[in-house]
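Remarks on the overall topology
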Amino acid sequence: MKTLIPLLFLAVALLPVHADILANGDFSDGSAHWHGDGAGSSDSSSADALLNAPSASAGMVIHLQPTKWTKIFQQFNSRENTFTYSITYKLSSDCVFSNDTMLSRPILGPLTETNLKGSLPLQSGSWFIMVANIAQGLTSYSEIKPKAGSTDAQTLTGTIPNYAGLEEKTLFLGFPPGEGTITIL
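Everything numeric in this text was worked out from a predicted model, so none of it was measured.

1. Quick look at the side chain of Ser92
In this structure, Ser92 sits in the loop between strand E6 (83-91) and strand E7 (96-97). With relative accessibility at 4%, the residue Ser92 sits in the buried group. There is a polar contact of 2.5 Å between the side chain of Ser92 and the side chain of Asp94. In this structure the side chain of Ser92 is engaged in a polar contact, spanning 2.9 Å, whose partner is the backbone nitrogen of Thr181.

2. Things to note about the environment of Thr67
Within the secondary structure, Thr67 is located in the loop between strand E4 (60-63) and strand E5 (70-77). The exposure class of Thr67 is exposed, given its relative accessible area of 73%. Separated by 31 residues in sequence, Thr67 and Ser98 have C-alpha atoms that sit 8.7 Å apart.

3. Notes on unusual backbone geometry
The backbone of Phe27 shows a phi angle near 60 degrees, a positive value even though the residue is not glycine. Tracing the sequence through the fold places Phe27 in the loop between strand E1 (11-12) and strand E2 (35-36). Of note in the backbone geometry, His33 takes a positive phi value of approximately 75 degrees without being a glycine.

4. Comments concerning the pairing of strand E13 (residues 168-175)
Counting buried residues in E13 gives seven out of eight residues, a clear majority hidden from the surface. As paired strands, E5 and E13 are joined by eight bridges and run antiparallel to one another. Pairing of Phe76 across the sheet is with Lys169, part of E13. Direction of pairing for strand E10 (residues 127-133) relative to E13: antiparallel, over a ladder of five bridges.

5. Examining helix H2 (residues 105-112)
Among the residues of H2, those classed as buried are Leu108, Gly109, Leu111 and Thr112. Phi turns positive, to about 55 degrees, at Glu113, one or two residues after H2.

6. Description of the sheet that holds strand E11 (residues 138-144)
Whether parallel or antiparallel, the strands of a sheet pair through hydrogen bonds between backbone atoms. Taken in spatial order, the five strands of this open sheet run E2-E5-E13-E10-E11, and their pairing is antiparallel. With partners counted over all chains shown, the strands left at the sheet margins are E2 and E11, one partner each. Judged from the two bridges that link them, E2 and E5 form a sheet pairing that is antiparallel. Along E5, the bridge assignment pairs His35 with Phe73.

7. Focus: the nonpolar core
Trp127, Phe175, Ile182 and Ile184 are the most contacted members of the largest nonpolar core, which has 26 residues in total. Those elements that provide at least two residues to this core are E4, E5, E6, E10, E13 and strand E15 (181-184). Trp69, Leu122, Phe128 and Ala132 belong to the second largest nonpolar core, which has eleven residues in total.

8. Some points on the pattern of salt bridges
By the definition in use, this model includes one salt bridge. For Glu167, the salt bridge is made with Arg79, and the minimal N-O distance between the two is 3.2 Å. Pair noted here: Glu167 is in the loop between strand E12 (154-160) and E13 and Arg79 is in the loop between E5 and E6, with a separation of 88 residues, a long-range link.

9. Quick look at the packing of aromatic side chains
One pass over the structure, following the stated rule, counts six aromatic pairs. Centre to centre, the rings of Phe73 and Phe172 are 5.6 Å apart; their planes meet at 35 degrees, and the pair counts as tilted. Of the two residues, Phe73 sits in strand E5 while Phe172 sits in strand E13, which places them 99 residues apart along the sequence. Arranged with centres 5.7 Å apart and planes meeting at 90 degrees, the rings of Phe76 and Phe83 form a pair that is edge-to-face. With relative accessibility at 0%, the residue Phe83 sits in the buried group. Through a chain of ring-to-ring contacts, three or more aromatic side chains come together here, namely Tyr89, Trp127 and Phe175.

Thresholds, definitions, all that
- Note that residues are indexed from 1 along each chain, following the sequence as it is written.
- Totals for whole chains, interfaces and linings use every residue, but because this is a predicted model, local features are given only for residues with pLDDT of at least 70 and side-chain atom pairs only at 80 or more, for both listing and counting.
- The basis for every side-chain value is the complete set of non-hydrogen atoms in the structure, without hydrogens or water.
- Put simply, DSSP H or I for four residues or longer makes a helix, DSSP E for two residues or longer makes a strand, and each gets a number counted from the N terminus.
- Think of it in three bands: with a 1.4 Å probe and only protein chains considered, a residue is buried below 20% of the maximum accessible area for its type, exposed above 50%, and partly exposed in between.
- Counted as a polar contact is a pair of N or O atoms within 3.5 Å, where, for protein atoms, one must be capable of donating a hydrogen and the other of accepting one, and residues adjacent in sequence contribute only when both atoms are in side chains.
- Strands are labelled as partners when DSSP assigns at least two bridges between them.
- Throughout, nonpolar core names a set of buried Ala, Val, Leu, Ile, Met, Phe, Trp, Tyr and Cys residues whose side chains join them through atoms within 4.5 Å.
- Each salt bridge in this description consists of a side-chain nitrogen of Lys or Arg and a carboxyl oxygen of Asp or Glu lying within 4 Å of one another.
- Pairing of aromatic side chains requires ring centres within 6.5 Å, counting the rings of Phe and Tyr and the six-membered ring of Trp. Pairs whose planes differ by under 30 degrees are stacked, by over 60 edge-to-face, and all others tilted.

Written out as structure tokens, the structure is:
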């Protein structure tokens, strides 16, 4: 039985055998099956991002935007309400996040295609992983706080608990304004 599975292979924490529910959840096929602002590492023009990827096609590179949040996302189906994740990523040597500490409703709604009633209070330099049921406007998220200044691979694990909703869901990774790249491995 897997206790935690590679990068973003969301696993259903309540089942005796964990199920991989994302297509290309380990990014071994670059950006295949993912949508949003990312590119496969072989599609990236950033030399730093290419050096950070383990192979020419593995990983997804997210180029941070100086004035807006960026995202990658994928729809999936699951009846479960608790998800365990493991995310491995590398920051480029020039990666710097803005000092925004609040992801407000006018930004969060369009970013996640939801009609949320509040904001996400994130620490400066953090990004997030969110499971959303867009049809019902339900979300649950976890904050990701990377070790700033490190270009080494970083792995974070956690759980997105207490998620209710229909079977069809969307997984979002949202990244604050900034400079440089994040390579999801």
